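Listed here are the chains, written in short residue letters.
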Amino acid sequence: MNVIYGLLAISILVALVFFALFIFSVKKGQFDDDYTPSVRMLFEDELVKDDSSKTTQNSKNQSKQS
Amino acid sequence: MVKEKCYHCGDDCETTKIKQDKKLFCCRGCLTVYEIFSENDLTCYYDLEQSPGATPLDIDGKYDYLDQEDIVEKLIDFQEGSTEVVTLYIPHIHCSSCIWILENLHQLDPGVLNSQVDFPKKKVSVTYTTEGFSLKSLVELMAKIGYEPYISLDNYGATKDDLDRSLIYKIGVAGFAFGNVMFLSFPEYFEVSEYWLEQYKPLFRWLMFFFSLPVVFYAGRDYFKSAIQGIRSQILNIDIPIALGITVLFIRSSVDIFFDLGSGFFDSLTGLVFFLLLGKIVQQKTYKFMSFERDYKSYFPIAVTKINKKGREENVQVYDIERGDRLRIRNQELIPVDGILMSSSAEIDYSFVTGEANLVQKKSGDKVYAGGKHVGAAVEVVAEKSVEQSYLTQLWSNDVFQKGYDPKFQSLIDKISKKFTIAVLSIAFSGLLFWLFYDPSLALNVFTAVLIIACPCAIALATPFALGNLLRIFGKNGFYIKNTNVLEQMSDLDVLVFDKTGTLTSSQKNDITYSGLKLTEEDKMVLKNSFRNSNHPLSRELYSFLDSQNIYDAESFEEHLGEGIVSSYNNHTYKLGSAKFVSSDPQYSSLSTAVHISRDDSYLGKFEFETIYRDGVQDLFQSLDQHYKLIILSGDNEGERSILTKMLPKTTQLFFNQKPDSKMRMIKKIQAEDKKVAMIGDGLNDAGALKQADIGIAISENVNVFSPACDAIMDASQLSNLSKFVSISKQGISIIKLSFIFSFLYNAVGLYFALTGQLQPVIAAILMPLSSISIVIFTTLATNFISKPIQKSQRI
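Just so we're clear, the structure is a prediction, and the values are computed from it rather than from any experiment.

What counts as what
Residues numbered from 1 in each chain as written. Chains lettered and ligands numbered in written order. Predicted model: local features only at pLDDT ≥ 70, side-chain atom pairs only at ≥ 80, totals over all residues. Heavy atoms only, no water. Helix = DSSP H or I, 4+ residues; strand = E, 2+ residues; numbered from the N terminus. Contact = heavy atoms within 4.5 Å. Areas by Shrake-Rupley, 256 points an atom, 1.4 Å probe, with all protein chains shown as cover. Pairing = 2+ DSSP bridges. Axes fitted to C-alpha atoms, helices over the stretch in contact; angles between N-to-C directions. Core = buried A, V, L, I, M, F, W, Y, C linked by side-chain atoms within 4.5 Å. Buried < 20%, exposed > 50% of the residue type's maximum accessible area, 1.4 Å probe, protein only. Domains from an automatic or database assignment. Buried area = accessible area lost by both parts, 1.4 Å probe. Salt bridge = Lys/Arg side-chain N within 4 Å of Asp/Glu carboxyl O. Polar contact = N/O pair within 3.5 Å; in protein donor to acceptor, adjacent residues only side chain to side chain. Nonpolar A, V, L, I, M, F, W, Y, C, P; charged D, E, K, R; others polar. Parallel < 35°, antiparallel > 145°, perpendicular 65-115°, else oblique. Left-handed = near helix turned anticlockwise from the far one by under 90°. Patch = residues over 30% accessible without salt bridge, like charges linked within 9 Å, V, L, I, M, F, W, Y side chains within 5 Å. Lys, Arg positive; Asp, Glu negative; His and termini not counted. Charge placed at Lys NZ, Arg CZ, Asp CG, Glu CD. Phe/Tyr/Trp six-rings, centres within 6.5 Å; stacked < 30°, edge-to-face > 60°. Lys NZ or Arg CZ within 6 Å of the ring centre and 35° of its normal. 1 Å grid on protein atoms, 1.4 Å probe; cavity = no way out; pocket = protein on both sides within 12 Å on 5 of 7 lines; lining within 4 Å. Points joined across faces, edges and corners; volume = space filled by probe spheres on them.

Secondary structure summary: chain B contains 27 helices and 28 strands in total. Counting only contacts in chain B whose residues sit at least 6 apart along the sequence, the fraction spanning at least 24 positions is 66%. When the accessible surface of chain B is totalled, it reaches about 36400 Å², and 53% of it is carbon and sulfur.

Quick look at the structure:
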């Protein structure tokens, strides 16, 4: 049953990783605006003309933003 | 007839109809925006939301000051090489189309590299290159598509506020620890004495101990601070029993595991802190796009046009204006300092300052006060004072604007916590005494158990959840309150003081009546067309008042600034304007605001403007009269006294000719009688009174833009609901009191276990979350229920 020590260590480590990710995302400002991203994620290639080069560029830009 | 709406802005298309691509536009401006979007493949703007746009306003020369590098430098957030980042406040942001178009700015101009919208704050942060582009071109681009940013003196050199995210961190820490501790303490809840479990018990307990360390010393830190503050200022606030509870929980649990007496209460400890912090964040709900702390800086422009000694125009920063400077004020610009008018005449809109919508006429040599908005062709003003010394801005140096939070106000929870703390301590000590005689081995156990179980988690949660929820509901219905303290104070008012102009009356709508000779169809047509060509606010109103007519090109049209219009058609000459301008006969002059008309120098009649009171003012006063003393303070003359006395309850006191500081003094006088006063006002002239009053409510036609410093902002259309809002806030307080009773019952149950010495960690771990969650559910449901009246009236 010594495996419990290992399991505990792993589980706490995993929890700590997620905790660190949370702190990191708060620091980056992801919790500052809790509305706009929910709208933004629905936008993609909405340019009317089918200009493929422009459209892909646009989607690239958007992925950069989010 | 179904009114045709503009495809771009959604306004009714009345006379001007422009058709393009089978779509209808109300004006050139809207069409231009549409054309810009369709040229750049951005017409999806109109698919996301119906008629999302705003008519672009004329901005010619308005942003010339953005050419000056030192001004730009103060406005931008960040600069590196040729890249600059700026955050602009755009009042028009209101829908997903806005987000979409603003984040696609780079399609319109390659100078824009990236743009990101923060919808709740109505702000967009734009990264752009300074090569062939600039802040000025960015602002002009945005203005051109109807998203004109609002730049005021407030932005100038404002320190970029650091967001306080510590509460989120603390919740994160507490939640993380709470989850893990629950998980680790789970096996102990069943008290099975299984071999393996026994063996790992110490490990699990020590892990819990370590998880609870950051909770006590970081997440719960504020409670200790506030408790110490409370003790120092000799106020037994609610944080004292909470801090006591946390301390006892931690020490008792640590001792338990040190000496292997038991598993400790780490689960309750972390849960308690987690729930309390949740309550804090609920209470903290703020309206990010509004500011309740505005002073004159938010109204004033950053720079104005100065005419230098060589007679050339240059832009000068408002703070740099000195006595004797000649300033050029263009149409719709704000006069930034007190000065003397040099041009022959000017019309100034003081609605910001006094709430009075009618234009004030000034002649050459007259004094003009800062804060007025100039309407009409550009005029010249010589500055008399600097910005800080002007009449209006001096109001802000008054003491009321320096004081911070009003310490006199004692919230319900403060009152209760005093008795509560005393009660808990006396129960704990009497329990201790009893057990010392009866069974000393259990005495400390009982003492600590009482303090643990009596920790007022549910009480501390009742207020934030009840009032936080009401705050949200009020906000949805157009009544934005600064914080929950204001809501609590609202339930305990004695006197309501109203401003008249702009608050009870609408500053935009007037009742227009025509008196005089009957107008022929031809007359009407000429009038309509003449008003169409004039930019004067009264002309605009009369234009929309008159029935639609054929449009023709005026044979001759002349606008005499500050006097009227001369227009001719079919060999008839019409004069429209002030009584003096239209006819030399003094019998036609009147006190009320009116536009007089003559044809070929014979007097025809006049259009009279009458202020109209907002809908429901009469009913509102009737219903408020039963519970409150009502007072009206008006900056105007007594002209409206007879109407007001007829309309309002007899007990209403009326005061006229009140200056800003006399309004403030009046409020102070009432407060000296130990009455709680609410001031309801709008313009900057009420700013002092709003601040002095226990709560100041600003009435605003457009909640996004203008309102003086206050505790709450109310959408003008909701004024008639004020009595409902007030009574709901009262009911909200009763709900809190009711939930206090519930939590006392929980405490009584817990105290039974504690005093009899049978408090097991598992009981605490069940009782504490159970009481907290049931209080949260109860307050949320109950506040939703009581606020039904306002929500219904909203829907109909």
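Okay, the sheet that holds strand 25 (residues 653-655) of chain B next. Through backbone hydrogen bonds, the strands of a sheet pair up, either in parallel or in antiparallel fashion. All names here are of chain B. Ordered in space as 16-28-27-26-17-24-25, the 7 strands form an open sheet in which the pairing is mixed. Looking along the sheet, the strands with just one partner apiece sit at the ends: strand 16 (479-481) and strand 25. On average, each strand axis in the sheet is inclined to that of its neighbour by 20°, with strand direction left out of account. Here strand 17 (residues 495-499) runs beside strand 26 (residues 677-681); their pairing, made up of 4 bridges, is parallel. Considered in strand 26, the bridge of leucine 496 is made with alanine 678. Strands strand 16, strand 17, strand 26, strand 27 (695-700) and strand 28 (712-715) of the sheet are contacted by helix 25 (residues 722-755), whose axis makes an angle of about 135° with strand 28.

The next point concerns the nonpolar core. Residue and element names in this part refer to chain B. In this structure, Phe474, Phe479, Leu496, Phe498 and Leu722 are the most contacted members of the largest nonpolar core, which totals 122 residues. Among the elements that line this core, the one with the most residues is helix 16 (residues 457-476), at 13 residues. With residues up to four places along the chain from it excluded, the contact list for leucine 722 reads Phe498, Leu620, Leu624, Ile680, Ile697 and Met714. With 56 residues, the next largest nonpolar core counts Cys6, Val117, Ile145 and Tyr147 among its residues.

Before going further, it helps to examine helix 6 (residues 135-144) of chain B. Given 3.6 residues per turn, any residue in an α-helix points the same way as the ones three and four places further on. Residues and elements named next belong to chain B. Taken across its 10 residues, helix 6 has 7 buried, putting it largely inside the fold. Of the residues making up helix 6, those classed as buried are Leu135, Lys136, Leu138, Val139, Leu141, Met142 and Ala143. Buried residues belonging to helix 6 abut helix 3 (69-75), strand 4 (83-89), helix 4 (96-103), helix 5 (105-108), strand 5 (112-118) and strand 6 (123-129).

Let us look at the domain arrangement of chain B. Residue and element names in this part refer to chain B. We note that the domain assignment places domain 1 (64-150), domain 2 (166-285 + 411-465 + 731-793), domain 3 (301-399), domain 4 (479-499 + 614-723) and domain 5 (507-613) within chain B. Computed from C-alpha coordinates alone, the two centres of domain 2 and domain 4 are separated by 42 Å. Domain 2 puts 7 residues into the contact, and the matching count from domain 4 is 5 residues. For domain 2, the biggest contributors to the area lost against domain 4 are Gln283, Ser411 and Ile733; these three give 53% of the whole. Applying the counting criterion to the domain 2 and domain 4 interface returns 0 salt bridges. For the pair domain 2 and domain 4, the interface holds 0 residue pairs in polar contact (both at pLDDT 80 or more). Among the residues forming the side of domain 2 that touches domain 4, the class breakdown is 3 nonpolar, 4 polar and no charged.

Turning our attention to the pattern of salt bridges. Counting across every chain of the model gives 16 salt bridges over all chains. Measuring nitrogen to oxygen at the nearest pair gives 2.7 Å for the salt bridge that ties glutamate 103 of chain B to arginine 40 of chain A. In this pair, glutamate 103 of chain B is assigned in helix 4 and arginine 40 of chain A in helix 2 (residues 36-40), connecting two distinct chains.

This part covers unusual backbone geometry. All names here are of chain B. A positive phi angle, near 55°, is found at lysine 122, a position not held by glycine. With respect to the element layout, lysine 122 can be found in the loop between strand 5 and strand 6. If you check the backbone angles, aspartate 260 has positive phi at about 55° while not being a glycine. With respect to the helices, strands and loops of the structure, aspartate 260 is situated in the loop between helix 10 (239-258) and helix 11 (266-283).

All names here are of chain B. When strand 16 meets strand 28, the two strands line up antiparallel, connected through 3 bridges. Bridging from a neighbouring strand, phenylalanine 479 pairs with methionine 714 of strand 28. Here strand 27 runs beside strand 28; their pairing, made up of 4 bridges, is parallel. Of the residues in strand 28, the one forming a bridge with alanine 698 is isoleucine 713.

Residue and element names in this part refer to chain B. Relative orientation of the contacting elements helix 11 and helix 16 amounts to 25°, with a least axis distance of 8 Å. With respect to helix 16, the element helix 11 is oriented roughly parallel. At the point where helix 11 passes helix 16, the crossing takes the left-handed sense. Where helix 11 approaches helix 16, its residues Leu272, Phe275, Leu276, Gly279, Val282 and Gln283 are matched on the opposing element by Cys457, Ala460, Leu461, Pro464, Phe465, Gly468 and Arg472. Class assignment of the residues belonging to the contact of helix 11 with helix 16 gives a composition of 9 nonpolar, 3 polar and 1 charged.

Below, the discussion takes up the sheet that holds strand 15 (residues 379-383) of chain B. Residues and elements named next belong to chain B. An order of 8-7-9-15-10-13 is seen for the 6 strands of this open sheet, with the pairing classed as antiparallel. Of all strands in the sheet, those with a lone pairing partner are strand 8 (313-317) and strand 13 (367-368), marking the two edges. As paired elements, strand 7 (residues 303-307) and strand 8 share 5 bridges and run antiparallel to each other. The partner of lysine 306 across the bridge, within strand 8, is glutamate 314.

Among the surface-exposed residues, Lys415, Lys418, Lys419 and Lys737 of chain B lie close enough to one another that they form a single positively charged patch. Mapped onto the secondary structure, lysine 418 of chain B falls in helix 14 (residues 412-438).

With that settled, the discussion passes to the interface of chain B and chain A. Contact residues are listed per partner, giving 35 residues for chain B and 32 residues for chain A. Of the roughly 3200 Å² buried at the junction of chain B and chain A (both faces included), carbon and sulfur atoms supply 63%. Considering only the surface of chain B that becomes buried against chain A, Asp41, Tyr169 and Tyr200 of chain B emerge as the three largest contributors, covering 20% of it. The interface formed by chain B and chain A includes 1 salt bridge. Across the chain B-chain A interface, the total number found is 5 residue pairs in polar contact (both at pLDDT 80 or more). Counting residues per element, the ones that place at least two in the side of chain B that touches chain A are helix 4, helix 5, strand 5, helix 7 (166-189) and helix 8 (195-219) of chain B. Broken down by element, the side of chain B that touches chain A gets its largest block of residues, 7 residues, from helix 7 of chain B. Split into classes, the residues belonging to the side of chain B that touches chain A amount to 20 nonpolar, 10 polar and 5 charged.

Residues and elements named next belong to chain B. Across all of its chains, the model carries 39 aromatic pairs over all chains by this definition. Ring geometry for phenylalanine 420 against phenylalanine 744: centres 6.0 Å apart, planes inclined by 25°, an arrangement best described as stacked. Pair noted here: phenylalanine 420 is in helix 14 and phenylalanine 744 is in helix 25, with a separation of 324 residues, a long-range link. An aromatic cluster is built from Tyr7, Phe25, Tyr34, Phe37, Tyr45, Tyr46 and Tyr147, whose rings are joined through pairwise contacts. The positively charged end of lysine 280 is found above the aromatic ring belonging to tyrosine 223, 4.7 Å away from the centroid.

Residues and elements named next belong to chain B. Most of strand 15 is tucked away, with 5 of its 5 residues classed as buried. Of the two faces of strand 15, the one carrying Val379, Val381 and Ala383 and the one carrying Glu380 and Val382 are both buried. Strand direction decides the pairing type here: strand 10 (residues 339-341) and strand 15, joined by 3 bridges, are antiparallel. Across the sheet, the residue bridging to isoleucine 340 is valine 382, located in strand 15.

All names here are of chain B. According to the stated counting rule, one finds 5 cavities of 30 Å³ or more in the structure shown. The space that makes up the largest cavity amounts to roughly 120 Å³. Lining the largest cavity are 13 residues; nearest its centre among them are Ile453, Cys455, Asn747, Met768 and Ser771. Those elements that provide at least two residues to the lining of the largest cavity are helix 15 (440-453), helix 16, helix 25 and helix 26 (761-786). Split by residue class, the lining of the largest cavity holds 10 nonpolar, 3 polar and no charged.

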